[in-house]
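# Coordinate analysis (summary)
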Amino acid sequence: MKYAILGDIHANLEALTAVLEKARDEGVDKFICTGDIVGYNANPRECLEQVRALQPEVVVRGNHDDYASSETELIGFNPQAARVVQWTRDHLAAEDRQWLSQLPLHRTLDSHTTIVHATLDMPGRWGYIFDKLSARASFTYQFTPVCFYGHTHVPGVFDKFGGVTDGSFQETVFEAGHKYMINAGSVGQPRDGDSRAAFLIFEPGEGRIALHRVEYDIKAAQRKIKQAGLPERCATRLALGR
Ligand code: ZN
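Structure report, in brief.

Cut-offs and rules
Residues numbered from 1 in each chain as written. Predicted model: local features only at pLDDT ≥ 70, side-chain atom pairs only at ≥ 80, totals over all residues. Heavy atoms only, no water. Buried < 20%, exposed > 50% of the residue type's maximum accessible area, 1.4 Å probe, protein only. Helix = DSSP H or I, 4+ residues; strand = E, 2+ residues; numbered from the N terminus. Arc of directions from axis to C-beta. Contact = heavy atoms within 4.5 Å. Core = buried A, V, L, I, M, F, W, Y, C linked by side-chain atoms within 4.5 Å. Salt bridge = Lys/Arg side-chain N within 4 Å of Asp/Glu carboxyl O.

### Quick look at helix α5 (residues 94-101)
Along α5, the residues that are buried comprise D96, R97 and L100. End-on, the buried residues of α5 take up no more than an arc of 95°, which puts them together on one face. Summarising the geometry of α5, the exposed residues directed more than 90 degrees from the buried face are A94 and E95. Residues of α5 that are buried in the fold lie against α2 (44-53), α3 (63-69) and α4 (79-90).

### Section: the nonpolar core
Formed by 41 residues in total, the largest nonpolar core has its most connected members in L6, I9, L16, F31, I37, F199 and Y216. Contributions of two or more residues to this core are made by β1 (3-6), α1 (13-25), β2 (30-33), α2, α4, β11 (197-203), α7 (218-228) and α8 (232-240). Here the element with the most residues in this core is α1; it accounts for seven residues. Excluding residues within four positions of it along the chain, I9 makes contact with L16, C33, G35, D36, I37, C47, V51, V187 and G188. In this structure, I32, V157, F174 and I182 belong to the second largest nonpolar core, which totals 19 residues.

### Concerning the pattern of salt bridges
Under the criterion given, the structure shown has eleven salt bridges. Taking the shortest distance from any N to any O, the salt bridge between K30 and E57 comes out at 3.9 Å. Of the two residues, K30 is situated in strand β2 and E57 in the loop between α2 and β3 (58-59); the sequence distance between them amounts to 27 residues. On the accessibility criterion, K30 (28% relative accessible area) is partly exposed. Between D96 and R45 there is a salt bridge; the shortest N-O distance is 2.9 Å. Of this pair, D96 sits in helix α5 while R45 sits in helix α2, and the two are 51 residues apart along the sequence. Residue D96 is classed as buried on the basis of its relative accessible area of 1%. What emerges from the salt-bridge pattern is a single network uniting D192, D194, R196 and R213.

Below you can see the structure in the form of structure tokens.
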């Protein structure tokens, strides 16, 4: 069994299309999404359709999915962030917003695997796991050997009983008795200095995950952001991977 773990797609249809093509080439059977299908880029509806068409095993709700599907006032948002959220709300159908709002904050897939967007200790507070200290709080609430998450847009592996593997990993083989928090990186807005779309392939039977990076048409995604009137920074950062 091969799962593709996709996270932080962020309405980037060009990146998602390239990643799905690669996943098919790699013989992926099933899909898991760690949240934030929408926000930042210009194709929220199209990306939602693509994700739903995959009939993923699990999709959890990210903070952008949450903002875009609620009516709450955008207090505490900087003006650019508020503009992106409002634009996304305006460009989703009522049924899209309904679908997003019903997604769980975290989900246990089976006896091996948990999925969350931000953290397991307080999943709706949208904290970030950047280091071993913040990973430790989540490990307390992790009752499976493996947890996939996102939110930082930086791929990496935290091992409760071992080291930290940064985004440069290509493959990790699980050790029996260890506990892992694994960040899938971002399909639609990578922030680890590598502009290529990121996703994971997970083979539970082999106890193995591999990080894949895929080139996509960044210029097309940037053009759409500008045409939509979304903030310029959403376009420029794609080429920088920041
Ligand atoms: Zn995100």
